[in-house]
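One letter stands for each residue in the lines below.
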Amino acid sequence: MNQAGVNEKYKVSPFYVFFLVHSMQTGVGVLSFQRVLAKITGTDGWISILLAGLIVHILIWVIYKIFSIVPGDIISANNHAFGKWFGNFFSLIFIVYFLLLGMTVMISYINVIHVWMFEEVASWAFALVFLILIYYINTGGFRTITGIAFLSVILTYWLLFVLFYAMKYSELTNLFPVFHHTLSDIWNGTRNTSLTMLGFEMIMMYYPFIKNAKTSQKYAHGGAMTTTLMTIFVYLVSLVFYSQKQLQLNIWPTLSLTSIVELPFIQRFEYIEVSWWAIVIIPNMTIALWAASRGFKRLFNVQQKYPLWGMSIIILLINIFVFDVDSLYILNKIINPYGVLFLVLYLPLLLVIIYIKKMRERS
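Everything quoted here is computed from the prediction, not taken from an experiment.

(A) Structural detail: the environment of Leu289. Within the secondary structure layout, Leu289 lies in helix 13 (residues 269-300). Here Leu289 falls in the buried class, since its relative accessible area comes to 0%. Considered as a pair, Leu289 and Ile154 are 135 residues apart in the sequence and their alpha carbons are 22 Å apart. Setting aside residues no more than four positions away along its own chain, Leu289 makes contact with Leu99, Leu131, Ile134, Leu308, Met311 and Ile315.

(B) Molecular detail of a nonpolar patch on the surface. On the surface, Trp124, Leu128, Ile132, Ile313, Leu317, Ile320, Phe321 and Val322 cluster together into a nonpolar patch covering about 790 Å² of accessible area. Breaking the nonpolar patch down by element, the ones donating at least two residues are helix 5 (123-139) and helix 14 (305-321). The biggest single contributor to the nonpolar patch is helix 14, with 4 residues. Turning to its location among the elements, Val322 is positioned in the loop between helix 14 and helix 15 (325-362).

(C) Structural context of the packing of helix 4 (residues 74-116) against helix 13. Where helix 4 meets helix 13, the closest approach of the two axes is 8 Å, and the angle between their N-to-C directions is 160°. By the angle between their axes, helix 4 is roughly antiparallel relative to helix 13. For the element pair helix 4 and helix 13, the recorded crossing hand is left-handed. Split into classes, the residues belonging to the contact of helix 4 with helix 13 amount to 24 nonpolar, 7 polar and 2 charged.

What counts as what
- Residues numbered from 1 in each chain as written.
- Predicted model: local features only at pLDDT ≥ 70, side-chain atom pairs only at ≥ 80, totals over all residues.
- Heavy atoms only, no water.
- Helix = DSSP H or I, 4+ residues; strand = E, 2+ residues; numbered from the N terminus.
- Buried < 20%, exposed > 50% of the residue type's maximum accessible area, 1.4 Å probe, protein only.
- Contact = heavy atoms within 4.5 Å.
- Patch = residues over 30% accessible without salt bridge, like charges linked within 9 Å, V, L, I, M, F, W, Y side chains within 5 Å.
- Areas by Shrake-Rupley, 256 points an atom, 1.4 Å probe, with all protein chains shown as cover.
- Salt bridge = Lys/Arg side-chain N within 4 Å of Asp/Glu carboxyl O.
- Axes fitted to C-alpha atoms, helices over the stretch in contact; angles between N-to-C directions.
- Parallel < 35°, antiparallel > 145°, perpendicular 65-115°, else oblique.
- Left-handed = near helix turned anticlockwise from the far one by under 90°.
- Nonpolar A, V, L, I, M, F, W, Y, C, P; charged D, E, K, R; others polar.

Written out as structure tokens, the structure reads:
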């Protein structure tokens, strides 16, 4: 399917790509990425975040370059580069990756709810509520999904200002020393930050749903840059609030930081943040499962609701039978570093192959 295969009424304006990218990148990782990063790079962690952001910008450029040669989605690009059978094989890998990413986000957030709020409630109950909501949003089409992504950004950005409350307890000397880690440490920190920066690659599936898609590249870069700057801000606030030892031992530094907020009418402010964070998480899960079911539809020519049902049942069964911290650890390890490494290696290779084929066709 090329870009013309999507009816114009189902497309969204290029401007909304900013919200689609930014909302997908901002997820449950923001609550906990500081701990691992502090262990590896300490006060130089912001350099790792900058490097991760730079890699994201390069990959976004690669994605748009691919679609400037082969209009459509990643299914079209894979088939053009490798033929039907090998192309479908690589497309199937992307579908599994999208499914695992959505599942990882959901299980991670349910784990946060268990620890901070409702330990006794079964994980499958939360999963069932989320899956019903995701299916309902998906039935509205991609324009509805885009609207949810837009609202999630608009309605949740006030949470960033809560971090300023911690500044009065901060110690600016915690930012020093700088530039005292090796390049190997910085790179390892970048790898461990990657899960926080993922989500931009969903462009590979919704590219045909963007009006004048080529013009949306600047908005995609804008969304990725906003995520990078926000992540650096959260990390720097965490550095000045905690000591290095505290930051390395705290599983969810962002939530622990906001728990110090004291208001006359609210005793446990972190309950509000954990609850409100659902608005942040919903686009993460919805876009990922939409991309996976859309890819399945493109590969096997079935209605999109059927693979969405199947994926929802798989996620629900996993939450019923195998939900625990170990399964969450395994999912995180599959996505990062293997999923990240796959994107970093595969997308440039795909561009090179498509470009070579284009040159041969011209000659």
